[in-house]
Amino acid sequence: MDRKKAERRAADLLSSMTLREKIGQLHQTGSTMVSALPGIEVDIEHWVTEMLEGRMSQDEFQSRMAMCKEDLRLAEISRGEIGSFVNLYEDEKVAQVLEASYQSRTGIPAFIGVDVIRGYRTIFPTPLAMACSFDLELFRRFARVAKREAKICGVNWCFGPMLDVARDGRWGRIVESPGEDPYLASEIGRTMIETYQAEDEDGPLLATAKHFVAYGAVSGGQDYNTVSLPKQLLYDVYLPPFRAAVDAGVGAVMSAFHDLNGVPCTCDRWLLTDVLRGELGFDGFVVSDAEGVKQCVAHGVAKDEREAAKLSLLAGGDMDMSSWDYANYLEELVSSGELSEADIDRAAYRVLEKKAEFGILDQRYVFDPEKIAKTVLCQEHRAAAREAAEASAVLLKNDGALPIRSQCRNILIVGELAENRDDLLGPWAFTGNKEAVATIPEGMRNCAPHGVEIEYVRGFSVSDDESGFEEALEKCRNADFVVAVAGETAFMSGEAASRADLRLAGAQEKFLLKLAELGVPNAVVLVNGRPLAIGALQENPGIHAILETWHMGTEAGNAIANLLFGTANPSGKLTVTFPNAAGQEPMYYNHPNTGKPGGEFKFTSKYQDVPVTPLYPFGYGLSYTAFSYGALEIEERELGQNGVLRCSVAVQNTGERKGKETVQLYTHDVTASLARPVRELKGFRKIELEPGESARVSFEIPVQSLGFHDRDGKYRVESGEFEVFIGPDSAGGLRDTFTVK
Ligand code: GLC
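Here we summarise the structure given alongside this text. Since the structure is predicted, the reported quantities are computational estimates derived from the model, not experimental observations. In this numbering scheme, every chain counts its residues from 1 along its sequence in written order. Given that the model is predicted, a residue must reach a pLDDT of at least 70 before its local features are reported, and side-chain atom pairs must reach 80 or more before they are shown or counted; all residues, however, enter totals for whole chains, interfaces and linings. Hydrogen atoms and water are omitted, and side-chain values are computed over all heavy atoms in the structure.

1. Quick word on the overall build of the protein
Put simply, the rule reads: Runs of H or I in DSSP of at least four residues are treated as helices and runs of E of at least two as strands, each being numbered from the N terminus. Atoms counted for the radius of gyration: C-alpha only. Globule rule: 2.2 Å times residue count to the power 0.38. Summary of the burial criterion: residues with accessible area below 20% of their type's maximum are buried, those above 50% are exposed, and those between are partly exposed, where the area comes from a 1.4 Å probe applied to protein chains only. Whether two residues touch is decided by their heavy atoms; if any such pair falls within 4.5 Å, the residues are in contact. Shrake-Rupley sampling with a 1.4 Å probe provides the accessible areas, and residues are treated as covered by the protein chains on show and by no other component. As used throughout, the charge tally considers Lys and Arg to be positive and Asp and Glu to be negative, leaving His and the chain termini uncounted. A single reference atom marks each charge: NZ on Lys, CZ on Arg, CG on Asp, CD on Glu.
Looking only at helices and strands, the protein has 24 helices and 28 strands in total. Taking 27 Å as the expected radius of gyration for a compact globule of 741 residues, we find that the protein reaches 26 Å, a close match to that expectation. C-alpha extents for the protein along the principal axes are approximately 75 × 70 × 50 Å. Taken over 741 residues, the protein has a buried fraction of 60%. Long-range contacts, defined as pairs at least 24 residues apart, comprise 77% of the intrachain contacts of the protein with a sequence gap of at least 6. As displayed, the protein offers around 27,300 Å² of accessible surface, 49% of which is attributable to carbon and sulfur atoms. Taking the 78 positively charged and 110 negatively charged side chains of the protein as two groups, their mean positions are separated by 3 Å.

Shown next as structure tokens:
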């Protein structure tokens, strides 16, 4: 619906509503699990923790959940006291909740908000993995499939994209992020929001830019921890993706859990009103993160939940996700005069305006199981997920062992992660269907050339258990090729999954080093959510190849098989730096030079016990072919403030097979009033070249995009000398200079 009409609809509706009904629109909650059997105590929090931390099997967890029943709060919804629902995954229940909201006096449909982070039923690779594709078209295809599946199942609000720039691999949610670069994160955010919210054949889906703001900068990479940032860093690194999201018209923003410089984002008026609305021009509504309003008490800035509700609403937090503080206290706060009805109207109007604009007010969802069954997980969607997975893999090491040669007739796959559907699916895939996941042995058998034997043995897992080593190593000795699958389980990254040690957990590395001694051709396939300190594998010549596959989702096994057999050629480039050790984090490419940049000389900025350079730098990724770069050409070396840097380079595929290369352009402001990063990504182009083919890749970079924010958050482009780099990653490439007058 067009904006003006939506505004009128919202205003009319608001004028007919009671105070309680308005407050209902500001209250979002999920279902409540209650015991279905007399005498059975339900302790969901404890059960979820046990399962997520691996002390309770998924099956045990499911059997306990079977003893519970979900209270969908249909009575409150039909009384208009709950206007929005979070994280319902079963189609029938979604239809029930929507139907109940249609029965309310106002008939305003409920929001059904879900984390469609990696797809709905068809699960794509993790966002960090897809970012490594450097392919915005892939994100468009992903968002179209995700929207189609979510909407047909009744979902009308997506809690995504997550746009938190992340520089610290210890933080579990790096898996969910677009990586460490603000420019790439902005491009991905803009692309996803435009596609989710497009008035296309599937209609618009309300998107949410989250988590506002700088959640990726939690101290120590420890989830939910405090964030302390100077303004220039906030404005240069963490705000840009949200500015891009607002410019793309994002309808909702989710405030973050943490405090920013001492003020919880949930109730930070400067952040949610002055910056988000005043400076960025956001005009949608803000929803808190789960129970974020209540947490203002624990933060120590609200004396009780009643005060938390007041502070949060006045700060510009329009909707309370599942803390019930708005539902419990707003009406009384108005009658006591501490809040005015106008405060409630302002928030309710913002919510209703988006329900109008996204066609939700007139939505009458028809639950159609046949249509759902035909749409979700259809071959077209699975093909899109497989292509996204193939494009997200990053080839980190290869002495030529990959792709697996046709002479290899007996291939052994070892490592529990290869067979575990939950782990191949990965985190933030609660709406996915794990039975639909292709395991790696299944994928290899689907794609193996005729006559090739594929065998699987567990051998090892992420635990310390070495009992399977002997049998597995014996089988490795007799194999023509060994695919060893190592990394992390689905719940070792994601929310509340920070880790202080980035080495492979348990006895994984010990097994791999024994494998390395056998001299059998091999490849390590990584299934993991975050950067890992795998220097021991990189340095060991007995490990012939390392393929980073992240958590690839529904089509994991098929995509990995295509990559190992060479049907697909890896083209991913890392969007997060891999450190040599956790102690080196946060480690990122766009860092200032310092006065004593790390080098040979003792008295320079470095650690004594690990190399100065990262294990793998941002932008790094190999291919089964090779590319060479010709001379960097710059059209004009003296540029004015409104000038455009035009430069180009010829790239040739010098190998024997077709491949894709992501050509990256970085700039460096050599001397400025603030120390500037040694490189900043300003452009990228992914090109496909046949063997021997070359192409000229050109860039046009506006001078106005080369600036930075000063200590007061003011943007400036300073004159002086700049360096420009074009190459295959953030460490090498061609260099030249130009001047801004
Ligand atoms: C979680 C996450 C947020 C998600 C919300 C609803 O705690 O922080 O990203 O959208 O709750 O699931």
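2. Considering the sheet that holds strand β12 (residues 320–321)
Note the cut-off: We treat two strands as partners when DSSP finds at least two bridges between them.
Pairing is parallel in the open sheet, where five strands are placed in the order β6-β5-β4-β1-β12. One side of each edge strand has no neighbouring strand; the edge strands of this open sheet are β6 (157–158) and β12. Bridge analysis of strand β4 (residues 84–86) against strand β5 (residues 111–114) gives three bridges, and the strand direction is parallel. Paired with serine 84 across the strands is phenylalanine 111, a residue of β5.

3. Digging into the site of the ligand
The condition that has to hold: Definition of nearness: a residue and a molecule or strand are near each other if at least one heavy atom of the residue lies within 4 Å of the molecule or strand. Polar contacts here mean pairs of N or O atoms no more than 3.5 Å apart (in protein, one a potential hydrogen donor and the other a potential acceptor; neighbouring residues in sequence count only if both atoms are side-chain atoms).
Of all residues adjacent to the ligand, which total 13 residues, the nearest are Asn87, Asp115, Arg173, His211 and Asp289. Lysine 210 places a polar side-chain atom, nitrogen or oxygen, 2.9 Å from an oxygen atom of the ligand. In this structure, histidine 211 approaches the ligand through a side-chain N or O atom, which is 2.6 Å from an oxygen atom. Contact with the protein chains hides 93% of the accessible area of the ligand, taken as 310 Å² for the molecule alone.

4. A few points about the side chain of serine 493
With respect to the helices and strands, serine 493 occurs in the loop between β16 (481–487) and α22 (508–518). Take serine 493: its relative accessible area is 3%, and that puts it in the buried class. Those residues in contact with serine 493, other than ones at most four positions away along the chain, are Gly172, Val175, Pro427, Glu488, Gly529, Arg530 and His551.

5. What about the pairing of strand β21 (residues 644–653)?
Pairing of strand β19 (residues 627–634) with β21, which is carried by six bridges, proceeds in the antiparallel orientation. Bridge pairing links isoleucine 634 to cysteine 647 in β21.

6. Quick look at helix α14 (residues 305–315)
What counts, and what does not: By construction, the arc corresponds to the directions joining the helix axis to the C-beta atoms.
Considered for burial, the residues of α14 that qualify are Ala308, Ala309, Ser312, Leu313 and Ala315. The buried residues of α14 occupy an angular sector of 160° when the element is viewed end-on, so they sit on one face. Packing partners of the buried residues in α14 comprise α12 (269–279), α13 (295–299), α15 (325–335) and α16 (341–357). For α14, the N-terminal capping position is held by aspartate 304, with its side-chain oxygen 3.1 Å away from the main-chain nitrogen of arginine 306. After α14 finishes, the residue glycine 316 shows a positive phi value of roughly 115°.

7. Structural notes on the packing of aromatic side chains
Here is the rule: Two rings from Phe, Tyr or Trp (for Trp, the six-membered ring) form a pair when their centres are within 6.5 Å of each other. A pair whose planes differ by under 30 degrees is stacked, one over 60 is edge-to-face, and the rest are tilted. Only when the NZ atom of a Lys or the CZ atom of an Arg is both within 6 Å of the ring centre and within 35 degrees of the ring normal do we say a charge sits over the ring.
Overall, the coordinates contain 23 aromatic pairs when judged by the stated rule. Measuring from ring centre to ring centre gives 6.2 Å for tryptophan 550 and phenylalanine 578, while their planes differ by 65°; the resulting arrangement is edge-to-face. Residue tryptophan 550 is located in the loop between β18 (545–548) and α24 (556–565), and its partner phenylalanine 578 is located in the loop between α24 and β19; the two are separated by 28 residues in the primary sequence. As far as burial versus exposure is concerned, tryptophan 550 and phenylalanine 578 are alike and both buried. Linked through ring pairs, Phe134, Tyr183, Tyr589, Phe618, Tyr666 and Phe684 together constitute an aromatic cluster. Directly above the aromatic system of phenylalanine 725 lies the positively charged group of arginine 679, at a separation of 3.9 Å from the ring centroid.

8. Some details on the pattern of salt bridges
Quick reminder of the rule: In the sections that follow, a salt bridge refers to a side-chain nitrogen of Lys or Arg positioned within 4 Å of a carboxyl oxygen of Asp or Glu.
Under the counting rule described, the total for this entry stands at 62 salt bridges. For arginine 3, the salt bridge goes to glutamate 7, with nearest N and O atoms at 3.7 Å. A residue pair is termed a helical-turn pair when its members lie 3 or 4 positions apart in one helix, as arginine 3 and glutamate 7 do in helix α1 (residues 3–15) at four residues. Using a relative accessible area of 27% as the deciding quantity, one classes arginine 3 as partly exposed. In this structure, the salt-bridge partner of lysine 93 is glutamate 70, at a minimum N-O distance of 2.4 Å. Linking lysine 93 in helix α6 (residues 91–102) with glutamate 70 in strand β3 (residues 68–71), this pair joins segments that are 23 residues apart in sequence. Among the charged side chains, a network of salt bridges with common partners joins Arg3, Lys4, Glu7, Asp283, Glu353, Lys354 and Glu357.

9. A word on α24
Taking burial as the measure, the 10 residues of α24 include 10 buried ones, the bulk of the element. Among the residues making up α24, those that are buried are Ala556, Gly557, Asn558, Ala559, Ile560, Ala561, Asn562, Leu563, Leu564 and Phe565. Looking one or two residues beyond α24, the residue adopting positive phi is glycine 566, at roughly 90°.

10. A short note on the sheet that holds strand β15 (residues 453–457)
The line we're drawing: Between N-to-C directions, angles cover 0 to 180 degrees, with each direction set by a line fitted to C-alpha atoms, over the stretch in contact for helices.
Taken in spatial order, the six strands line up as β13-β18-β17-β16-β14-β15 in an open sheet, and their pairing is mixed. Strand pairing shows two members of the sheet lacking a second neighbour, β13 (394–398) and β15, which therefore form its edges. Taken pair by pair, the neighbouring strands of this sheet meet at an average axis angle of 20°, ignoring direction. By the bridge criterion, three bridges tie strand β17 (residues 522–527) to β18 in an arrangement that is parallel. Bridged to valine 525 within β18 is leucine 547. On the sheet, α22 packs against β14 (410–414), β16 and β17 and is oriented at approximately 160° with respect to β16.

11. Some details on the nonpolar core
Where we set the bar: Remark: nonpolar core denotes a set of buried residues (Ala, Val, Leu, Ile, Met, Phe, Trp, Tyr, Cys) joined through side-chain atoms within 4.5 Å.
Residues Leu396, Phe511, Leu512 and Ile534 are the most contacted members of the largest nonpolar core, which totals 128 residues. A total of nine residues in this core trace back to one element, the largest contributor, which is helix α8 (residues 136–152). Residues in contact with phenylalanine 511, not counting those within four places in the same chain, are Val414, Phe460, Phe469, Ala472, Leu473 and Cys476. Within the second largest apolar cluster, 41 residues are counted, among which are Trp157, Ala308, Leu339 and Phe358.

12. Some remarks on the environment of aspartate 43
By the element assignment, aspartate 43 lies in the loop between β2 (32–35) and α3 (44–52). Among the residues examined, aspartate 43 registers a relative accessible area of 37% and is labelled partly exposed.

13. Remarks on the packing of α8 against helix α9 (residues 182–196)
Quick note on the threshold: The crossing is said to be left-handed when, going from far helix to near helix, the turn is anticlockwise and less than a right angle, and right-handed when the turn is clockwise. Note that Gly is not counted as nonpolar here; it falls among the polar residues with everything else outside the nonpolar set of Ala, Val, Leu, Ile, Met, Phe, Trp, Tyr, Cys and Pro and the charged set of Asp, Glu, Lys and Arg.
Here α8 crosses α9 at 35°, and the two axes come no closer than 9 Å. Between α8 and α9 lies a crossing whose hand is right-handed. For the pair α8 and α9, contact is made by Leu136, Phe139, Arg140, Phe142, Ala143, Arg144, Ala146 and Lys147 and by Glu187, Ile188, Arg190, Thr191, Met192, Thr195 and Tyr196, respectively. In terms of residue class, the contact of α8 with α9 is built from eight nonpolar, two polar and five charged.

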